[in-house]
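# Structure at a glance
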Amino acid sequence: MTIAAVVTAAGSGSRLGADVPKALLHVEGRALVAWAVSRLGEIAEAVVVTAPAAHLSAFEEAVDGAARVVAGGDTRQDSVAAGLAALALDDDDIVLIHDAARAFQDPSVAAATVRAVQSGADGAIPVLPVVDTLVTAPGPDGSVGDPVDREAFRAVQTPQTFRARVALDAHRRGSAGATDDASLARELGYRIVAVDGHEWGFKVTRPSDLPLALSIAAQLEAP
Ligand code: CTP
Ligand code: MG
């Protein structure tokens, strides 16, 4: 049984607005995708990165042999499917699906998702409590909606980890609109369990996320 991983990095990063694809952005001297691969590499034996088709060689340079690079697709779901296909998984393997944009996720979180699958879950995802007060979206006149009990909600991170046959089935039969891999699997009736996420698993999305990324990278680089 192999523990393998797909690192999705084929997005452009339009909200970040850098002049390179987001996963190539350098933080403390290393591209985000390289940070993601090296941290996940502590858990996964084989890693495939899905990159924008026009930037394959730049991604190969960035990961420097630590992962195989394949072209992603137009949506994250297409990119994950391309990564799964490239891994040539056996049904009983375990596969982690991770966003390069969550480059600093703590390896202990990935390990916890793997343990949950080894203990019998079909899949496992890291979640965190929601810190903000939540209300439903405002109506056309701008009036905010009802408050929502935030204790009833969790924010979802990656890696999302599955028995390989579950991930493959979810991507074969799941609906096109799902925003993550666990939702695809869950709608087919698979049992997905939650493990504790980590603050460092935040998704680098906007320019205001960069100071935190820099501060974490500096702590990791410190001797
Ligand atoms: N991703 C991907 N293929 C796509 C779109 C996204 O592999 N077609 C990846 C991104 O590279 C990222 C992860 O999915 O690692 C999460 O997506 P997001 O943070 O939304 O990244 P982008 O889509 O690149 O950013 P934006 O939405 O701001 O353009
Ligand atoms: Mg996106």
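Here the structure is a predicted model, which is why all the values come from computation and not from measurement.

In this structure, the largest pocket encloses a volume near 870 Å³. Forming the boundary of the largest pocket are 36 residues, of which Thr8, Arg76, Asp99, Thr179 and Lys203 lie nearest the centre. Broken down by secondary-structure element, the contributors of at least two residues to the lining of the largest pocket are helix 3 (76–87) and helix 6 (181–187). Broken down by element, the lining of the largest pocket gets its largest block of residues, five residues, from helix 3. Looking at the lining of the largest pocket, its residues break down into 10 nonpolar, 16 polar and 10 charged.

Here we take up the nonpolar core. Val7, Val33, Val37, Val49, Phe59, Leu96 and Phe104 are the most contacted members of the largest nonpolar core, which has 41 residues in total. By residue number, the principal contributor to this core is helix 1 (residues 32–40), which donates six residues. If near-sequence neighbours (up to four positions away) are discounted, Val7 is found in contact with Val33, Ala36, Val37, Leu40, Val47, Val48, Val49, Thr50, His98 and Ala100. One finds Val80, Leu84, Val127 and Ala182 within the second-largest nonpolar core, a separate group that totals 23 residues.

Around ligand 1, the structure places 19 residues, and the nearest of them are Thr8, Gly13, Ser14, Ser79 and Lys203. A distance of 2.7 Å is found between an oxygen atom of ligand 1 and a backbone nitrogen or oxygen belonging to Thr8. Backbone polar atom of Ala100 to an oxygen atom of ligand 1: 3.4 Å apart, as the coordinates give it. Protein chains bury 86% of the 570 Å² of accessible surface belonging to ligand 1 in isolation. Comparing atom positions with the cavity grids shows ligand 1 to sit within the largest pocket.

Let us look at the packing of aromatic side chains. Summed over all chains, the structure comprises one aromatic pair. Relative to Phe104, the ring of Trp35 has its centre 5.4 Å away and its plane inclined at 55 degrees; by these criteria the two rings are tilted. Of this pair, Trp35 sits in helix 1 while Phe104 sits in the loop between strand 6 (94–99) and helix 4 (107–118), and the two are 69 residues apart along the sequence. Under the relative-accessibility criterion, Trp35 is labelled buried at 3%. Stacked on the ring of Trp35, the Lys or Arg Arg30 has its end atom at 4.5 Å from the ring centre.

With that settled, the discussion passes to the pattern of salt bridges. Between side chains of opposite charge, pairing is possible as soon as their charged atoms come close. Following the criterion strictly, the structure yields seven salt bridges and no others. Between Arg76 and Asp181 there is a salt bridge, and its shortest N-O distance comes to 3.0 Å. Residue Arg76 is found in helix 3, and its partner Asp181 is found in helix 6; the two are separated by 105 residues along the sequence. Residue Arg76 is classed as partly exposed on the basis of its relative accessible area of 27%. A salt bridge links Asp99 to Arg102, with the shortest nitrogen-to-oxygen separation between them at 3.5 Å. The exposure class assigned to Asp99 is buried, which follows from its relative accessible area of 9%. Among the residues examined, Arg102 registers a relative accessible area of 11% and is labelled buried. Each of Arg76, Asp99, Arg102 and Asp181 takes part in salt bridges that share partners, so that together they form one network.

Quick look at the pairing of strand 1 (residues 3–8) now. Among the six residues of strand 1, six are classified as buried, and the element is accordingly described as predominantly covered. A two-sided burial pattern is seen for strand 1, the buried positions comprising Ile3, Ala5 and Val7 on one face and Ala4, Val6 and Thr8 on the other. Examined bridge by bridge, strand 1 and strand 4 (residues 46–51) share five bridges and lie parallel to one another. Bridge pairing in strand 4 places Ala5 opposite Val47.

As a further point, take helix 1. Across the nine residues of helix 1, eight count as buried, placing the element largely inside the fold. Within helix 1 the residues assigned to the buried category are Leu32, Val33, Ala34, Trp35, Ala36, Val37, Arg39 and Leu40.

Conventions adopted
In this numbering scheme, every chain counts its residues from 1 along its sequence in written order. Chain labels run from A onward and ligand labels from 1 onward, assigned in the order the entries are written. The model is predicted, so local features are restricted to residues of pLDDT at least 70 and side-chain atom pairs to those at 80 or more, both for listing and for counting; the totals for chains, interfaces and linings are taken over all residues. Hydrogen atoms and water are omitted, and side-chain values are computed over all heavy atoms in the structure. Whether a set of points on the 1 Å grid over the protein atoms alone is a cavity depends on a 1.4 Å probe fitting there but being unable to get out, while an open set qualifies as a pocket with protein on both sides within 12 Å along at least five of seven lines; lining residues are those with an atom within 4 Å of a point. Grid points are joined across faces, edges and corners, and a volume is the space filled by probe spheres set on the points. Secondary structure follows DSSP: runs of H or I at least 4 residues long count as helices, runs of E at least 2 residues long count as strands, and numbering of each begins at the N terminus. The classification used treats Ala, Val, Leu, Ile, Met, Phe, Trp, Tyr, Cys and Pro as nonpolar, Asp, Glu, Lys and Arg as charged, and all other residues, Gly among them, as polar. Only buried Ala, Val, Leu, Ile, Met, Phe, Trp, Tyr and Cys residues count toward a nonpolar core, and they belong to the same one when joined by side-chain atoms within 4.5 Å. Only protein chains enter the accessibility calculation, which uses a 1.4 Å probe. A residue is then buried if its area is under 20% of the maximum for its type, exposed if over 50%, and partly exposed in between. Contacts are residue-level and defined by heavy atoms, with any inter-residue pair within 4.5 Å sufficient. Whether a residue is near a molecule or strand depends on its heavy atoms: it is near if one of them lies within 4 Å of it. Two N or O atoms form a polar contact when they lie within 3.5 Å of each other; inside protein one atom must be a possible hydrogen donor and the other a possible acceptor, and for residues adjacent in sequence the pair counts only when both atoms belong to side chains. Computed with a 1.4 Å probe, the accessible areas rest on the Shrake-Rupley method; for each residue, only the protein chains presented here act as cover. A cavity or pocket is said to hold a molecule if more than half of that molecule's atoms lie within 2 Å of its grid points. By convention, a stacked pair of Phe, Tyr or Trp rings (six-membered ring in the case of Trp) has centres within 6.5 Å and planes under 30 degrees apart, an edge-to-face pair has planes over 60 apart, and any other such pair is tilted. Note on criteria: charge over ring means Lys NZ or Arg CZ within 6 Å of the ring centre, with the direction from the centre no more than 35 degrees off the ring normal. Only one rule defines a salt bridge in this text: a Lys or Arg side-chain nitrogen within 4 Å of an Asp or Glu carboxyl oxygen. Pairs of strands are assigned from DSSP output, requiring at least two bridges between the strands.

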